Amino acid sequence: MSAIAQWLAETGKQVSGSDRYFLPDLFNDTRDKLEALGIRCFLQNGEGISPATDLVVVSTAVEDTIPEVQKTKQLEIPIIRRSELLALIAASKNTIAIGGTSGKSTTCAMLFDILQYASKNPGIISGAGLVSIMKEGRIGNAKAGAGEWLVIEADESDGSIVQYKPEVGVLLNVDKDHKEMEVLMEIFNEFRENTRRIFVVNQAQAGARQLSRDKSLDFSADPNFPAGYQANGFSQKGMAIFFRINGVGFTLNTVGKHNMENALAASTVASQLGIDLVTCAEALKSYEGIYRRHQVLGKKQGVWLIDDYAHNPVKCAVSIEACQEIAPKVIAWFQPHGYGPTRFLRHDFVREIGKTLRPADEIWMSEIFYAGGTTTKDISAGDLINDLKALGKQAFFVEDRSAFLEVVRPHFTNNCVLLLMGARDPSLENFAKQIWEQL
């Protein structure tokens, strides 16, 4: 929602908004940065809605009982969903929509950087803050851009991806996340049918491969599944990765094979828009990453601290795997989000994390984050830990995360990674900062 608000404000619209976390007399970084752009921010009590309001936009998380919605209906002001507005914005530009269950934000950021480096002056609406834009004192997840291209993150979790009719569509992967695989395949198939010009998929990923239009336009990092854009020669040294795409060498200051795939996807699209691979490689040399996506906070007493947004089974496993190249021991902590999603993905979490952990590695969990609403609390993160223990893994449950650091301290070595994982809980970024201060 904040990304759309910023994009609209930059293009000359009068924008205001509310959030349950915009509490009076309590510092809120998001609110401050929005207000610096002229976007008025209110608590969720209805005071921001007036007869002068032309349109109200709500996310899928906003219920009809919220005062803004009630007052909007009383004043007979039109209401549309966030996804509907994003579809309208996308229709106004030459849009590149990045879809898939993992890697969307990172691929958006990398493609934005390439287009920017190639003087295309692109816009972006993403789900995460780009460090390069954050350095301008902004939230970092949006920029209007005066050029013809707009890069957007197309979300499948609420089905909104099917509303876009982009010039270019990209499908990174299809893994069980918010929905069953059959449902996801239907959604992504509709995304493909709605894409006007170029549709690019990851040939190395079984789900995405099924939806290919033209293998010569696709990308792959698996020699068993060749494509028009092929990556090989991957290596990781500390906090940098090295690889080649169609013979052109790439170096990025990040970790993990998944980031090679993200860079490969971004470069594949850029190439088809007329930007050569050498330029792509030059642009990505200075890629600075995105907020809470394998963000390295630093190293103290031999312990690397890394904060990551990983929240579904595959993402958690890939995040752990990326850290295994950094040190001989990874201590991963995870806070699951929502009782329903955790119940739905319980066995997938156990399988994916379990098969990734080395004998020296550890997985820790604290209790499930509850964001409110009606739900049945009949599962605990401790249940997942017990399942992992039954597989012979080093697994530990610390119900209250505030006790985590003191309990885990004896497990540190003079060369290990402490990886923090979790999403959608706005206090997680401060949790990582607190751990860093106390480390």
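Everything discussed here concerns the structure shown above.
An account of the accompanying structure is given in this report. (Residues numbered from 1 in each chain as written. Predicted model: local features only at pLDDT ≥ 70, side-chain atom pairs only at ≥ 80, totals over all residues. Heavy atoms only, no water.)

1. A look at the sheet that holds strand 20 (residues 416-422)
Sheet strands pair via backbone hydrogen bonds, and the direction of the pair is either parallel or antiparallel. So the rule is basically this: Here a strand pair is declared whenever DSSP counts at least two bridges between the two strands. Put simply, DSSP marks the helices as runs of H or I at least four residues long and the strands as runs of E at least two long, and each gets a number from the N terminus on. Each axis is a line fitted through C-alpha atoms, taken for helices only over the stretch in contact, and angles between the N-to-C directions span 0 to 180 degrees. By definition in these notes, contact holds between two residues if any of their heavy atoms fall within 4.5 Å.
Taken in spatial order, the six strands of this open sheet run 15-16-20-17-18-19, and their pairing is mixed. The open sheet has two edge strands, strand 15 (295-300) and strand 19 (395-397), and neither has a second partner. In this sheet, neighbouring strand axes are inclined to one another by 20 degrees on average, regardless of whether the strands run parallel or antiparallel. Pairing of strand 18 (residues 362-365) with strand 19 involves three bridges; the strand directions are parallel. Counted as the bridge partner of Ile363 is Ala395 from strand 19. Set on the sheet, helix 11 (residues 313-323) makes contact with strand 16 (303-308), strand 17 (329-335) and strand 20; between it and strand 20 the angle comes to about 160 degrees. Where helix 15 (residues 428-438) meets the sheet, it contacts strand 15, strand 16, strand 17 and strand 20, and its direction lies at approximately 15 degrees from that of strand 15.

2. Overview of the sheet that holds strand 7 (residues 142-143)
Taking strand neighbours across the sheet as the criterion, the six strands line up as 7-6-8-5-9-10 in an open arrangement whose pairing is mixed. Because the sheet does not close on itself, it has two edges, and the strands there are strand 7 and strand 10 (198-201). Where strand 5 (residues 94-99) meets strand 9 (residues 168-171), four bridges bridge the pair, whose relative direction is parallel. Opposite Gly99, over in strand 9, you have Leu171 as the bridge partner. Contacting strand 5, strand 9 and strand 10, helix 9 (residues 257-272) crosses the sheet at an angle of about 155 degrees to strand 10.

3. Points about the packing of aromatic side chains
As a reminder, the rule being used: Note on ring pairs: Phe, Tyr and Trp rings are taken, using the six-membered ring of Trp, and paired if centres are within 6.5 Å. Classes follow the plane angle, with under 30 degrees stacked, over 60 edge-to-face and the rest tilted. The buried label applies to any residue whose accessible area, calculated with a 1.4 Å probe on protein chains only, is under 20% of its type's maximum; exposed applies above 50%, and partly exposed to all values in between. In this scheme, Lys NZ or Arg CZ marks a charge over a ring once it lies within 6 Å of the ring centre and within 35 degrees of the ring normal.
On inspection of all chains with the given rule, the structure shows eight aromatic pairs. Centroid distance Phe334 to Phe349: 5.2 Å. Interplanar angle 45 degrees. Geometry classified as tilted. Here Phe334 is found in strand 17, whereas its partner Phe349 is found in helix 12 (residues 339-356), with 15 residues between them in sequence. Neither Phe334 nor Phe349 differs from the other in exposure class; each is buried. An angle of 25 degrees between the planes, with centres 4.5 Å apart, marks the rings of Trp364 and Phe396 as stacked. Here Trp364, found in strand 18, pairs with Phe396, found in strand 19; they are 32 residues apart in sequence, far enough to count as distant. The aromatic ring of Phe225 is capped on one face by Arg209, whose charged end is 3.7 Å from the ring centroid.

4. Quick word on helix 4 (residues 82-91)
Counting along an α-helix, one turn takes 3.6 residues, and residues three or four places apart therefore face a common direction. Of the positions making up helix 4, those classed as buried are Ser83, Leu85, Leu86, Ala87, Ile89 and Ala90. Along its buried surface, helix 4 packs onto helix 1 (2-10), strand 3 (56-58), strand 4 (79-81), strand 5, strand 6 (123-125) and strand 8 (149-153).

5. Quick look at the pattern of salt bridges
Oppositely charged side chains may form a pair once their charged atoms are brought near each other. Stated formally: Only one rule defines a salt bridge in this text: a Lys or Arg side-chain nitrogen within 4 Å of an Asp or Glu carboxyl oxygen.
If you walk through the whole model with that rule in mind, you get 18 salt bridges. Between Asp64 and Lys73 there is a salt bridge, and its shortest N-O distance comes to 3.5 Å. Note on Asp64: relative accessible area 46%, which makes it partly exposed. Here Lys135 makes a salt bridge to Glu288, at a shortest N to O gap of 2.3 Å. One end of the pair, Lys135, is in the loop between helix 6 (131-134) and strand 7; the other, Glu288, is in the loop between helix 10 (277-285) and strand 15, and 153 residues separate them in sequence. Among the charged side chains, a network of salt bridges with common partners joins Asp348, Arg351, Glu352 and Lys355.

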